[in-house]
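Spelled out from the first residue to the last, the chains are:
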Amino acid sequence: MIGVFDSGIGGVTVLKELLKLLPNEKYIYYSDSINNPYGDKTNEEIIDISDKVVEFLINKGCTIIVIACNTASAIAKDYLRNKYSIPIIAIEPAYKSVLDDEKTLVMATKATINSDKFKTLFNKYDNHNTILLSCSGLADLIEEGNKDKIIEYLNNKIGEYKGVKNVVLGCTHYPLIKEEISKVLGPVNFYDGSLGVAKHTKEVMEEKGLITNSKQEITFIDSSNNKEDLFYELLKR
Ligand code: DGL
């Protein structure tokens, strides 16, 4: 069974790619909405929360974990990999997929932008024409689902970057608002890490003999209020 987790419903963008590549598997999707947002927490808090989620998923029978959250991946993946023996797959902002030196905007949580992991990635692939923008509060607005508030936030936050060519969506919630981002910025090329992480998960599962080829099952668990309806609606979209 594949355990997928995020601080909320954002990781659905990763789960959708996993389902395309690995349709015949059993999944638990854990939405840790009681702790949302992860992106404004300290590293210690993020590690502690992620650790508890992973332990919970392993106790439920997961044999591989996909961290469908850039923040938890950047901050907690090394700790989790040291502690647990099952494969822990992590996502990162798809900055290395930007292959030109056109103006690029990287949007991610504060914790991701400030993380050593992201700094290392950025320094390696720096196209020398990039703005790094931590978008505190945006994941919460996406959870809340109020489009007007999202547009207002985006106008204030990214309105001044109209004309950028590339936008890296460095938080798994952000692909859910591509349309709204395009409304504010105009046509841009989007980059997100969900397909890459799904491909990597498949490779690891093949290599470790974890593919079960069973009937697809998706169990949704939310640590606070039940967002089940929204979750299944997003899965279908
Ligand atoms: N979806 C998460 C990510 O990819 C984080 C959102 C949050 O701040 O909780 O970073």
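Each remark here, short or long, concerns the structure printed above.
Not measured: the values here are computed from a predicted model.

Draft legend 1. Layout of the overall build of the protein. A tally of helices and strands in the protein yields ten helices and nine strands. By the compact-globule yardstick of 18 Å for 237 residues, the protein fits well, its C-alpha radius of gyration being 17 Å. With the C-alpha coordinates aligned to their principal axes, the bounding extent of the protein is approximately 45 × 40 × 35 Å. Across the 237 residues that make up the protein, the buried fraction comes to 53%. In the protein, once contacts between residues fewer than 6 apart in sequence are set aside, the share between residues at least 24 apart is 74%. When the accessible surface of the protein is split by element, carbon and sulfur atoms take 47% of a total near 10,800 Å². Within the protein, one finds 29 positive and 34 negative side-chain charges whose respective centroids are separated by 3 Å.

Draft legend 2. Examining the pattern of salt bridges more closely. Counting across every chain of the model gives eleven salt bridges. Notably, a salt bridge pairs K52 with D48, separated by 3.0 Å at the nearest N-O pair. Of this pair, K52 and D48 both sit in helix 2 (residues 43-59), separated by four residues, roughly a single helical turn. Taking relative accessible area as the criterion, K52 reaches 52% and is therefore assigned exposed. Taking the relative accessible area as the measure of exposure, D48 reaches 39% and is therefore partly exposed. K96 serves as the salt-bridge partner of E92, at 3.2 Å between the closest nitrogen and oxygen. The exposure class assigned to K96 is partly exposed, which follows from its relative accessible area of 41%.

Draft legend 3. Representation of the side chain of K77. Looking at the secondary structure, you find K77 in helix 3 (residues 70-83). The charged side chain of K77 is buried without a salt bridge, its nearest counter-charge being D78 at 5.1 Å. Sequence-distant contacts of K77, that is, excluding residues within four places in its chain, are made with I67, A72, A90 and K117.

Draft legend 4. Focus on the packing of aromatic side chains. Counted according to the given criterion, the structure contains seven aromatic pairs. Ring geometry for Y29 against F220: centres 6.0 Å apart, planes inclined by 10°, an arrangement best described as stacked. Separated by 191 residues along the polypeptide, Y29 in strand 2 (residues 26-31) and F220 in strand 9 (residues 217-222) bring together distant segments of the chain. The class of Y29 is buried, set by a relative accessible area of 0%. Accessibility expressed as a relative area gives 9% for F220, which makes it buried. Relative to Y232, the ring of F231 lies with its centre 4.9 Å away and its plane at 80°, an arrangement referred to as edge-to-face. Given a relative accessible area of 0%, F231 falls into the buried group. Take Y232: its relative accessible area is 29%, and that puts it in the partly exposed class.

Draft legend 5. View of the nonpolar core. Counting 25 residues, the largest nonpolar core has I2, V4, L15, L18 and Y27 as its most contacted members. Mapped by element, the contributors of at least two residues to this core are strand 1 (2-6), helix 1 (12-21), strand 2, strand 3 (64-67), helix 9 (194-208) and helix 10 (228-236). Among the elements that make up this core, the one with the highest residue count is helix 1 (five residues). If we ignore the near neighbours within four places in the chain, the residues touching L18 are V4, P23, Y27, V66, A198 and T201. Listed in part, the 24 residues of the second largest apolar core include I49, A72, A111 and I221.

The rules behind the values
- Residues numbered from 1 in each chain as written.
- Predicted model: local features only at pLDDT ≥ 70, side-chain atom pairs only at ≥ 80, totals over all residues.
- Heavy atoms only, no water.
- Helix = DSSP H or I, 4+ residues; strand = E, 2+ residues; numbered from the N terminus.
- Rg over C-alpha atoms; globule rule 2.2 N^0.38 Å.
- Buried < 20%, exposed > 50% of the residue type's maximum accessible area, 1.4 Å probe, protein only.
- Contact = heavy atoms within 4.5 Å.
- Areas by Shrake-Rupley, 256 points an atom, 1.4 Å probe, with all protein chains shown as cover.
- Lys, Arg positive; Asp, Glu negative; His and termini not counted.
- Charge placed at Lys NZ, Arg CZ, Asp CG, Glu CD.
- Salt bridge = Lys/Arg side-chain N within 4 Å of Asp/Glu carboxyl O.
- Phe/Tyr/Trp six-rings, centres within 6.5 Å; stacked < 30°, edge-to-face > 60°.
- Core = buried A, V, L, I, M, F, W, Y, C linked by side-chain atoms within 4.5 Å.

Shape is all these values report; function is a separate question.
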